[in-house]
Amino acid sequence: MKARIQVVACRCCTEMPPLLDMSRLMGVASERELVVSSLLVDRVCDGKSIKQVVAEAKEREVDRAMVLACQKKDVNPALLSAYVKAGVNEFLVEYVDLRDEVVLPHLGDAKRAQAKAEAKVRAGLDRLTMLAPLEKAREEMRTANVVVLGGGASGRRAAEVA
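Residues numbered from 1 in each chain as written. Predicted model: local features only at pLDDT ≥ 70, side-chain atom pairs only at ≥ 80, totals over all residues. Heavy atoms only, no water.

**Considerations on the pattern of salt bridges**
Summed over all chains, the structure comprises 12 salt bridges. One salt bridge in this structure joins R60 and E56, with 3.5 Å as the shortest N-O distance. Taking the relative accessible area as the measure of exposure, R60 reaches 33% and is therefore partly exposed. Classification of E56 as buried rests on a relative accessible area of 17%. A salt bridge links R127 to E94; the shortest N-O distance between them is 2.5 Å. Taken together, the residues span a long stretch of sequence, with R127 in helix α5 (residues 110-130) and E94 in strand β4 (residues 93-97) at a distance of 33 residues. Residue classification places R127 among the partly exposed residues on the basis of a relative accessible area of 42%. Given the relative accessible area of 13%, E94 is considered buried. Via salt bridges that share partners, R24, E118 and R122 belong to a single interconnected network. (Salt bridge = Lys/Arg side-chain N within 4 Å of Asp/Glu carboxyl O. Buried < 20%, exposed > 50% of the residue type's maximum accessible area, 1.4 Å probe, protein only. Helix = DSSP H or I, 4+ residues; strand = E, 2+ residues; numbered from the N terminus.)

Written out as structure tokens, the structure is:
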């Protein structure tokens, strides 16, 4: 089965200052054969945008996603849970931090910022095509024997509890 990728880009983290040509960036992503959906939204962390993104993902039967936005911790929780509800494996969602890795380091040079953003999009898409779905697993301890490394306060506490 071929991968079906959705690319979502956020305007809010790239417009201050206006450095990147987001439509050109989305064009770079859309060139790839496996990209079945590409969306440019105002704020990817907004509930309304998340609903739009997930509806598109369900409609296009997306199984992987790439998010071009701010830091992963700013975007991740709500969007990731929405993707999981849409049937996308949480380990097949790739984040590209445009604000901190592209815009801020290249404030004075729009040409270099655009080139770096396009390279990061290509690299992210390449990585997504190589990833395999993972599943979370839990394993029960089979024995009560443990080895505690470290003799500090936390090591001693762990040894007492074990």
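Now, onward.
**Considering the side chain of D63**
Within the fold, D63 resides in the loop between α2 (47-59) and β3 (64-69). Within polar-contact distance, the side chain of D63 engages the backbone nitrogen of R4 at 2.8 Å. (Polar contact = N/O pair within 3.5 Å; in protein donor to acceptor, adjacent residues only side chain to side chain.)

**Some words on the sheet that holds strand β1 (residues 5-10)**
Strand order in the open sheet formed by four strands is β2-β1-β3-β4, with parallel pairing between adjacent strands. Where the open sheet ends on each side, the last strands, each with one partner, are β2 (35-41) and β4. Neighbour-to-neighbour, the strand axes of this sheet turn through a mean angle of 15 degrees, independent of strand direction. The pairing of β1 with β2 spans six bridges and is classified as parallel. Across the sheet, the residue bridging to V8 is L39, located in β2. Running over the sheet, α2 touches β1 and β2 and is turned about 170 degrees from β2. Packed on one face of the sheet, α5 meets β1, β2, β3 and β4 and runs near 155 degrees to β3. (Pairing = 2+ DSSP bridges. Axes fitted to C-alpha atoms, helices over the stretch in contact; angles between N-to-C directions. Contact = heavy atoms within 4.5 Å.)

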